[in-house]
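One-letter residues, chain by chain:
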Amino acid sequence: MKQFIDFIPLLLFFIVYKLDPRTVDFAGHSLTVGGIYSATAVLIISSLVVYGALFISQRKLEKSQWLTLIACLVFGSLTLAFHSETFLKWKAPVVNWLFALAFIGSHFIGDRLLIKRIMGHAINLPEVIWTRLNIAWIAFFLFCGAANLFVAFTFQEYWVDFKVFGSLGMTLLFLIGQGIYLSRHLHDADPTTPKTED
């Protein structure tokens, strides 16, 4: 669910990007709506609204949400300041690779793998399965980052479509695959309540 919340600003970004550029009068100012730069402004504003609402309701944001918000503000602001979409094209690869780095780091830092910290409260699995899941998430984020970078600079006319729907599709497929994998291994988990002898 947290990952799908991240797609709300992206969907708004996509909608505004696809609009034919037009000038709109708002509060005595003329604003251009449609195209990459107005879409970037909408991405920044909607991200602040979505994550601000989450922060108010939950009194906190997850580290991944902080990272996503900060990356949006930094790369979006650079895109608008320098009037270059190149900065925004780097956002998805950098964020995905930072997530991969966090999962990699959990193999060496701390007492639990990152995936176990995220999902360990919900399911009980053998350590070997947690390790495989963590590695799978590393591979997923590395692949997503590389795919976004490749499309953004090779098929520039499609990069916004891929940024929204390609990322969503890859996430759905990965989560379905993870669910199938987990369903095969849940019976290997240690029981949460040990049996007692009569």
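Please read these numbers as outputs of a predicted model, since none were measured by experiment.

Outline the overall build of the protein chain, supporting the account with residue identities and numerical values.
The helix and strand inventory of the protein chain stands at nine helices and two strands. Across the protein chain, helices and strands are ordered from the amino to the carboxyl terminus as α-α-β-β-α-α-α-α-α-α-α. Overall, the protein chain is about 80 × 40 × 30 Å in size when its C-alpha atoms are taken along their principal axes. Each of the 198 residues in the protein chain was classed as buried or not, and the buried ones make up 37%. Counting only contacts in the protein chain whose residues sit at least 6 apart along the sequence, the fraction spanning at least 24 positions is 62%.

I'd like a description of the packing of aromatic side chains, backed by residues and values.
In the structure shown here, the tally under the stated rule is 14 aromatic pairs. Aromatic pair Phe 150 and Phe 155: ring centres 5.8 Å apart, planes at 70 degrees, arrangement edge-to-face. Residue class for Phe 150 comes out partly exposed when judged on its relative accessible area of 48%. Clustering of aromatic rings is evident, with ring pairs tying together Phe 99, Phe 103, Trp 137, Phe 140, Phe 141 and Phe 174. We note Lys 89 situated over the ring of Phe 153; from NZ or CZ to the ring centre the distance is 5.3 Å.

Before we move on, can you summarise unusual backbone geometry with the specific residues and values?
A positive phi angle, near 65 degrees, is found at Arg 59, a position not held by glycine. Backbone geometry places His 83, a non-glycine residue, at a positive phi of 50 degrees. Assignment of secondary structure puts His 83 in the loop between α4 (63-82) and α5 (86-89). Note on His 83: relative accessible area 54%, which makes it exposed.

Explain a nonpolar patch on the surface to me, using residue names and the numbers behind them.
A cluster of nonpolar residues, Phe 55, Ile 56, Trp 66, Ile 70 and Val 74, forms a patch on the protein surface that exposes about 490 Å² of accessible area. Going through the elements one at a time, α3 (36-58) and α4 are the ones with two or more residues in the nonpolar patch. If you tally residues by element for the nonpolar patch, the top one is α4, at three residues. Within the secondary structure, Val 74 is located in helix α4.

Give me the lowdown on the environment of Leu 182, citing residues and values where you can.
Position of Leu 182 among the secondary structure elements: in helix α9 (residues 159-185). Given the relative accessible area of 10%, Leu 182 is considered buried. Between the alpha carbons of Leu 182 and Gly 120 there is a distance of 13 Å; along the sequence they are 62 residues apart. In contact with Leu 182, not counting residues within four places along its chain, are Met 119, Ile 123, Leu 125 and Leu 133.

Can you tell me about the nonpolar core, naming the residues and giving the values?
Counting residues in each nonpolar core, the largest one holds 23 residues, and the members touching the most others are Phe 103, Ile 115, Trp 130, Trp 137, Phe 140 and Phe 141. Of all elements in the fold, only α4, α6 (91-105), α7 (114-119), α8 (127-154) and α9 reach the threshold of two or more residues within this core. With nine residues, α8 is the single largest residue contributor to this core. Setting aside residues up to four positions removed in sequence, Ile 115 forms contacts with Phe 103, Gly 120, Trp 130, Leu 133, Asn 134, Trp 137 and Gln 178.

Kindly report on the UniProt feature "transmembrane region" (unreviewed entry) in the protein chain, identifying the contributing residues and their values.
UniProt tags residues 34-54, 66-82, 94-114, 135-156 and 162-182 as "transmembrane region" (unreviewed entry). For residues 162-182, the helix share is 100%, the strand share is 0%, and the end-to-end C-alpha distance is 28 Å.

Before we move on, could you go through the domain arrangement of the protein chain and cite the residues and values that matter?
Partitioning the protein chain into domains gives domain 1 (1-83) and domain 2 (86-188). Once you take the C-alpha centre of each, domain 1 and domain 2 turn out to be 23 Å apart. In this assembly, 22 residues from domain 1 lie in contact with 21 residues from domain 2. For the domain 1 and domain 2 pair, buried surface summed over both sides reaches about 1,900 Å², with 84% attributable to carbon and sulfur atoms. Between Lys 18 and Asp 161 there is a salt bridge, with the nearest N and O atoms lying 3.3 Å from each other. Put simply, the parts of the chain that give the side of domain 1 that touches domain 2 at least two residues each are α1 (2-5), α2 (7-18), α3 and α4. The greatest single-element share of the side of domain 1 that touches domain 2, amounting to ten residues, is contributed by α4.

About the cut-offs
Residues numbered from 1 in each chain as written. Predicted model: local features only at pLDDT ≥ 70, side-chain atom pairs only at ≥ 80, totals over all residues. Heavy atoms only, no water. Helix = DSSP H or I, 4+ residues; strand = E, 2+ residues; numbered from the N terminus. Buried < 20%, exposed > 50% of the residue type's maximum accessible area, 1.4 Å probe, protein only. Contact = heavy atoms within 4.5 Å. Phe/Tyr/Trp six-rings, centres within 6.5 Å; stacked < 30°, edge-to-face > 60°. Lys NZ or Arg CZ within 6 Å of the ring centre and 35° of its normal. Patch = residues over 30% accessible without salt bridge, like charges linked within 9 Å, V, L, I, M, F, W, Y side chains within 5 Å. Areas by Shrake-Rupley, 256 points an atom, 1.4 Å probe, with all protein chains shown as cover. Salt bridge = Lys/Arg side-chain N within 4 Å of Asp/Glu carboxyl O. Core = buried A, V, L, I, M, F, W, Y, C linked by side-chain atoms within 4.5 Å. UniProt positions renumbered as here; feature names shortened; annotations may be inferred. Domains from an automatic or database assignment. Buried area = accessible area lost by both parts, 1.4 Å probe.

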